[in-house]
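Take a look at the letters that make up each chain.
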2 protein chains.
Amino acid sequence: MKFTPKGQATRQRIVEGAAEYLRSNSPGSVTLDDVGAVTRTSKGQIFHYFPDGKEGLLLAVARHEADGVLTDQEPHLSALDTWESWTAWRDAVVARYRAQGRHCPLGALMDQMSGSPGTAEVITELLAQWQRAIRAGVVSMQASGQVRADLDPDRTAAAFVAGIQGGVQVLRATGRSDQLEAAFDLMIDYLRRA
Amino acid sequence: MKFTPKGQATRQRIVEGAAEYLRSNSPGSVTLDDVGAVTRTSKGQIFHYFPDGKEGLLLAVARHEADGVLTDQEPHLSALDTWESWTAWRDAVVARYRAQGRHCPLGALMDQMSGSPGTAEVITELLAQWQRAIRAGVVSMQASGQVRADLDPDRTAAAFVAGIQGGVQVLRATGRSDQLEAAFDLMIDYLRRA
DNA sequence: CGTTTTTTGTACTTGCTGGTCCAAAATTTG
DNA sequence: CAAATTTTGGACCAGCAAGTACAAAAAACG
């Protein structure tokens, strides 16, 4: 499929509009007409740019959101080489999620996961990248001798992913960020003692 | 609403059948006809026992599943007073979730959460109970002097909830239990060193 | 320009699903 | 046993939302 610049702009408008809309509405209840209304597009355009219909559109949205999650923390993620950078990262994530409350791109992703194997794949890739970035941070802390060398960076990073993921999940369900903060603090504290 | 014994049995059959069915199918795609087919009941019966229709049924299922999650780990949860009991608990949870893979009652709950405030409440209550049980375990370890007394039991329990929750979530998305195990191990290890 | 391709709008179709209605069967009750 | 109540079955309805058809507008192109 090739599109002219105008076409690409429209396509992008649809994806971004749908993404934002999906952050506050469960994917099951979002209709193509909703998307059309929000993005000022007609059904014809939606199917023109997403021949696979709703499924294709949701997948495109998933990819778009997955991108956002990582680039969002990028300044922090790639520089986890001092204790300050770790806590700064923690603060950024907590503040970010606390501000947006339930309207969470990652959470919306998870919601649309069940049923769509494509989305599950996108999430798997996202988590893997995330874990890799954290792992790199652990390794760099070991390299500078601030963390014991016998710590397994892979498992530590895996635990971080689980903790953050779970904290966000709880935040979405309950509206409270306690668990997210506690998990983050415990894990960083664990690193500190290692 | 009052039902005869026969009626209660039917109601229960519907809830349990629907619950099992929901574990492997996303709630958005589950229809009342599906439930009827699986539980050998007619639409009439479903609306007879759940006057609020689908929403009421899903809520009943949510409560049923929430019960199951805790009673499932109950032998372990109420006896977290030795290191062996903690690791036994860990092993039980990991084994359990690894066996069931994606068909996870808690995960299915989370899925149907978005959009239904009732379900969100059920989940909040479940998480709170869970956290309380873990907290009690931490306290008892402190009482017996196996864990430092200056550790905050609330925050520690909160972190555990987040870690497990996230691990399960990742397991559902990727099919791998690495993160769940890593989170569990890191946290227990953290306790050990405290 | 004129033609060809892309983009957009809209009316329509189709299938599905939650929910209603009502009557028959079974069960309880007196 | 007869009346009242509960349980069950299934036909039916209404609305909604995905997807299609097709033509007009706009742009690209030579």
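Anyway, here's the lowdown on the structure attached to this text. (Residues numbered from 1 in each chain as written. Chains lettered and ligands numbered in written order. Predicted model: local features only at pLDDT ≥ 70, side-chain atom pairs only at ≥ 80, totals over all residues. Heavy atoms only, no water.)

## Regarding the protein's contact with DNA strand C
Residues in close proximity to DNA strand C total 19 residues, the closest being Thr4(A), Gln45(A), Tyr49(A), Leu32(B) and Lys54(B). The contact atoms of DNA strand C, taken as those within 4 Å of the protein, divide so that sugar and phosphate hold 71%. At 3.2 Å, a side-chain N or O of Ser42(A) approaches a base nitrogen of DNA strand C. Note that a phosphate oxygen of DNA strand C is positioned 3.2 Å from one of the side-chain N or O atoms of His48(A). Listed by contribution, the elements that provide at least two residues to the surface near DNA strand C are helix 1 (5–24) and helix 3 (43–49) of chain A together with helix 3 (43–49) and helix 4 (53–77) of chain B. (Near = heavy atom within 4 Å. Polar contact = N/O pair within 3.5 Å; in protein donor to acceptor, adjacent residues only side chain to side chain. Helix = DSSP H or I, 4+ residues; strand = E, 2+ residues; numbered from the N terminus.)

## Some points on the packing of helix 9 (residues 178–193) of chain A against helix 8 (residues 153–174) of chain B
The interhelical angle for the contact between helix 9 of chain A and helix 8 of chain B, taken along N-to-C directions, is 95°, at an axis separation of 7 Å. The orientation of helix 9 of chain A with respect to helix 8 of chain B, classified from their angle, is roughly perpendicular. Every residue of helix 8 of chain B that contacts helix 9 of chain A at Gln179(A), Glu181(A), Ala182(A), Ala183(A), Asp185(A) and Leu186(A) is listed here: Arg155(B), Thr156(B), Ala158(B), Ala159(B), Val161(B) and Ala162(B). Looking at the contact of helix 9 of chain A with helix 8 of chain B, its residues break down into seven nonpolar, two polar and three charged. (Axes fitted to C-alpha atoms, helices over the stretch in contact; angles between N-to-C directions. Parallel < 35°, antiparallel > 145°, perpendicular 65-115°, else oblique. Contact = heavy atoms within 4.5 Å. Nonpolar A, V, L, I, M, F, W, Y, C, P; charged D, E, K, R; others polar.)

## Considering the side chain of Gln165(B)
On the secondary structure map, Gln165(B) appears in helix 8. Taking relative accessible area as the criterion, Gln165(B) reaches 2% and is therefore assigned buried. Once residues within four sequence positions are removed from consideration, Gln165(B) is found in contact with Gly166(A), Gln169(A), Val170(A), Leu106(B), Met110(B), Leu127(B) and Trp130(B). (Buried < 20%, exposed > 50% of the residue type's maximum accessible area, 1.4 Å probe, protein only.)

## Focus on the pattern of salt bridges
Residue and element names in this part refer to chain A. Inspection of every chain in the model, using the stated rule, returns 26 salt bridges over all chains. As a salt-bridge pair, arginine 98 and glutamate 181 come within 3.1 Å of each other at their nearest N and O atoms. Here arginine 98 is found in helix 5 (residues 83–100), whereas its partner glutamate 181 is found in helix 9, with 83 residues between them in sequence. Look at glutamate 181 and you get buried, because its relative accessible area is 15%. Of the charged contacts, one joins arginine 172 and aspartate 111 as a salt bridge, the two residues approaching to 3.1 Å between their closest N and O atoms. (Salt bridge = Lys/Arg side-chain N within 4 Å of Asp/Glu carboxyl O.)

## Notes on the nonpolar core
Within the largest apolar cluster, 98 residues are counted, with the highest numbers of intra-cluster contacts made by Trp86(A), Trp89(A), Trp86(B) and Trp89(B). Residue contacts for Trp86(A): discarding those within four places in its chain leaves Leu80(A), Asp81(A), Ile134(A), Gly137(A), Val138(A), Met141(A), Phe160(A), Ile188(A) and Leu191(A). Within the second largest apolar cluster, 16 residues are counted, among which are Ile14(A), Val30(A), Ile46(A) and Ala60(A). (Core = buried A, V, L, I, M, F, W, Y, C linked by side-chain atoms within 4.5 Å.)

## Looking at the packing of aromatic side chains
All chains considered together, the criterion is met by twelve aromatic pairs over all chains. Consider the rings of Trp86(A) and Trp89(A), whose centres lie 5.9 Å apart with planes at 70°: the pair is edge-to-face. One end of the pair, Trp86(A), and the other, Trp89(A), are both in helix 5, three residues apart, so they sit about a helical turn from each other. When the ring of Phe3(B) is compared with that of Tyr49(B), the centres are 4.9 Å apart and the planes differ by 55°; the resulting orientation is tilted. Of this pair, Phe3(B) sits in the segment before helix 1 (5–24) while Tyr49(B) sits in helix 3; the two residues are 46 residues apart in sequence, bridging distant segments of the chain. Residue classification places Tyr49(B) among the buried positions, given a relative accessible area of 11%. By the ring-pair criterion, three or more aromatic residues cluster together here, those being Trp86(A), Trp89(A), Phe160(A) and Phe184(A). (Phe/Tyr/Trp six-rings, centres within 6.5 Å; stacked < 30°, edge-to-face > 60°.)

## Some words on helix 9 (residues 178–193) of chain B
Over its 16 residues, helix 9 of chain B runs 22 Å from end to end, which matches the ideal 22 Å to within 8%, given 1.5 Å per residue. Residues Gln179(B), Leu180(B), Glu181(B), Ala182(B), Ala183(B), Phe184(B), Leu186(B), Met187(B), Ile188(B), Tyr190(B) and Leu191(B) constitute the buried set of helix 9 of chain B. Those residues of helix 9 of chain B hidden inside the fold are in contact with helix 7 (117–143), helix 8 (153–174) and helix 9 of chain A together with helix 5 (83–100) and helix 8 of chain B. (Expected span 1.5 Å × (residues − 1).)

## So, the interface of chain B and chain A
Each partner contributes to the interface: chain B provides 37 residues, whereas chain A provides 37 residues. When the two sides are added together, the surface that chain B and chain A hide from each other amounts to roughly 3100 Å², 65% of it contributed by carbon and sulfur. Ranking the residues of chain B by area buried against chain A places Leu186(B), Tyr190(B) and Arg193(B) at the top, with a combined share of 20%. Taken together, chain B and chain A are joined by two salt bridges. Here Asp185(B) ties to Arg155(A) by a salt bridge, and the two come within 2.4 Å at their closest N and O atoms. Summed over the shared surface of chain B and chain A, the number is eight residue pairs in polar contact (both at pLDDT 80 or more). Per-element accounting of the side of chain B that touches chain A gives the leading share, 15 residues, to helix 8 of chain B. (Buried area = accessible area lost by both parts, 1.4 Å probe.)

## Comments concerning the relation of the copies chain B and chain A
Mapping chain B onto chain A calls for a rotation angle of 180° and an axial translation of 0.0 Å; the resulting RMSD is 0.1 Å. Both chain copies can therefore be described as sitting about a two-fold axis. Minimal C-alpha separation from the rotation axis in chain B is found for Gly166(B), amounting to 1.7 Å. Mapped onto chain A, 100% of the interface residues of chain B again fall at the interface, so both copies present the same surface. (Least-squares fit on C-alpha atoms with pLDDT ≥ 70 in both.)

## Observations concerning the protein's contact with DNA strand D
Surrounding DNA strand D, one finds 18 residues, the nearest of these being Leu32(A), Thr4(B), Ser42(B), Gln45(B) and Tyr49(B). Within the side chain of Lys54(A), an N or O atom sits 3.0 Å from a phosphate oxygen of DNA strand D. Tyr49(B) is positioned such that a nitrogen or oxygen atom in its side chain is 2.7 Å from a phosphate oxygen of DNA strand D. Where the surface near DNA strand D is concerned, the elements lending two or more residues are helix 3 and helix 4 (53–77) of chain A together with helix 1 and helix 3 of chain B. Element by element, the count of residues in the surface near DNA strand D is highest for helix 3 of chain B, at four residues. Partitioned by chemical class, the residues of the surface near DNA strand D number five nonpolar, nine polar and four charged.

This is a description of form; function is not addressed.
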